[in-house]
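Now for the letters of each chain:
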Amino acid sequence: MEQEMNEQDKNVLLVDSILDLEELSVLAQVKERLEAGEDPLAILEEAQEGMRLVGLRYEEGKYYVAGLMMAGEIFREVMELVEPTLMQRLSGDESGHILLGTVQGNIHDIGKNIFSTMLRCHGFTVTDLGIDIPPARFLEEAYKLRPDIIGLYGLLTTSYEVMKSIVQQFRQSSDPQLASIPIILGGGTLNPMVCAFVGADYWAIDAMVGIELCKQMMAKRIA
Ligand code: B12
């Protein structure tokens, strides 16, 4: 019971420290917890929750863009600390190829980079196009590379129109492989209504859920 309380206290502390943009405290806590052998995914989940709360502070007008930038930098440093342990812990031998990118108009990439790293840890081949990618580029690259899955990432409301346009362009392609390629959306601001609007096959707001979905897609393609 006492141990449970301590665990809970620790969790609250990391979320709070991220929310308050206390860089040194965040990094010290992450190092300590990794050294204590904690699951790097649990640490990342808490850090992600901290980022969500930073976003809310921005919405409430309590933080400005500088706050978002600082939070982004802190998360990048957390990722640097967590990545080696994450790579050791996660392993898999999936052989699928996913074409991934942040859609046009959007430069957020922290979550996409995590997803990309975790896919690689599970044995997927990832072609990451980067940020601010126009619809035509996804189609051109898919035509050239013949991936098994398309992954679209975006956090802004304006991303959803772009995602919808990409999905439509794939579905209307005269190339049968591109017309039927599975498309998965990612990003913590997605919800069922947005996904219905975009019309993609799958969506995930958590990297592990996204990876399980990609594995299912590969199983279906092979069956
Ligand atoms: C950090 C941050 C920034 C940083 C980004 C730095 C970077 N290199 O990414 C900077 C400062 C650049 C930024 C800029 C802006 N931002 Co910003 N930002 C954030 C913030 C606080 C955190 C985002 C983040 O990294 N989260 C942590 C990651 C780990 O979570 P994640 O993205 O969900 O990723 C996970 C999963 O989704 C999954 N996953 C990820 N990718 C994929 C892909 C696939 C295919 C799958 C299946 C799964 C998957 O795996 C990840 C790990 O589990 C969010 C708040 C929020 N609620 O998200 C606002 C937020 C997204 N930003 C917002 C805004 C408004 C802006 C600006 C417009 C501000 C401005 N006035 O300039 C600009 C827009 C810039 C642009 N054109 O894109 C709003 C968007 C509101 C909206 N609905 O449109 C948010 C929601 C804040 C808010 N609540 O108001 N931002």
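Here goes a summary of the coordinates provided.

**Details of the packing of aromatic side chains**
Logical step 1: Summed over the entire model, instances satisfying the criterion amount to 0 aromatic pairs.
Logical step 2: Directly above the ring of Tyr143 sits Arg146, whose terminal nitrogen or CZ lies 5.0 Å from the centroid.
Logical step 3: When the ring centre of Phe197 is taken as origin, the NZ or CZ atom of Lys164, which lies over that ring, is 4.3 Å away.

**Let's talk about the coordination of the cobalt atom of the ligand**
Logical step 1: Among protein residues, the single donor to the cobalt atom of the ligand is His108 (NE2), with a metal-donor distance of 2.3 Å.
Logical step 2: With respect to the helices and strands, the residue His108 is situated in the loop between β1 (97–102) and α5 (110–121).

**Comments concerning the site of the ligand**
Logical step 1: In the vicinity of the ligand lie 36 residues, with Glu59, Ile107, His108, Tyr153 and Gly188 positioned nearest.
Logical step 2: Between a nitrogen atom of the ligand and a main-chain N or O atom of Gly105, the distance comes to 3.0 Å.
Logical step 3: The separation between a nitrogen atom of the ligand and a polar side-chain atom of Asp109 is 2.7 Å.
Logical step 4: Among the elements of the structure, α3 (40–59), α4 (65–89), α5, β3 (149–153) and β4 (183–186) are those that each provide at least two residues to the shell around the ligand.
Logical step 5: With 6 residues, the single largest contributor to the shell around the ligand is α3.
Logical step 6: When the residues that make up the shell around the ligand are grouped by side-chain class, the tally is 19 nonpolar, 12 polar and 5 charged.

**Focus on unusual backbone geometry**
Logical step 1: Backbone geometry places Leu21, a non-glycine residue, at a positive phi of 55 degrees.
Logical step 2: Positionally, Leu21 belongs in the loop between α1 (2–19) and α2 (23–35).
Logical step 3: On the basis of relative accessible area, Leu21 is assigned to the buried category, the value being 18%.
Logical step 4: Phi is positive for Asp132, close to 55 degrees, though the residue is something other than glycine.

**A short note on helix α6 (residues 135–145)**
Logical step 1: If you check which residues of α6 are buried, you get Pro135, Phe138, Leu139, Glu141 and Ala142.
Logical step 2: Arg146 occupies a position one or two residues after α6 and carries a positive phi of about 55 degrees.

Cut-offs used in this document
- Residues numbered from 1 in each chain as written.
- Predicted model: local features only at pLDDT ≥ 70, side-chain atom pairs only at ≥ 80, totals over all residues.
- Heavy atoms only, no water.
- Phe/Tyr/Trp six-rings, centres within 6.5 Å; stacked < 30°, edge-to-face > 60°.
- Lys NZ or Arg CZ within 6 Å of the ring centre and 35° of its normal.
- Donors = N, O, S within 2.8 Å, 3.2 Å for Na, K, Ca; no water.
- Helix = DSSP H or I, 4+ residues; strand = E, 2+ residues; numbered from the N terminus.
- Near = heavy atom within 4 Å.
- Polar contact = N/O pair within 3.5 Å; in protein donor to acceptor, adjacent residues only side chain to side chain.
- Nonpolar A, V, L, I, M, F, W, Y, C, P; charged D, E, K, R; others polar.
- Buried < 20%, exposed > 50% of the residue type's maximum accessible area, 1.4 Å probe, protein only.

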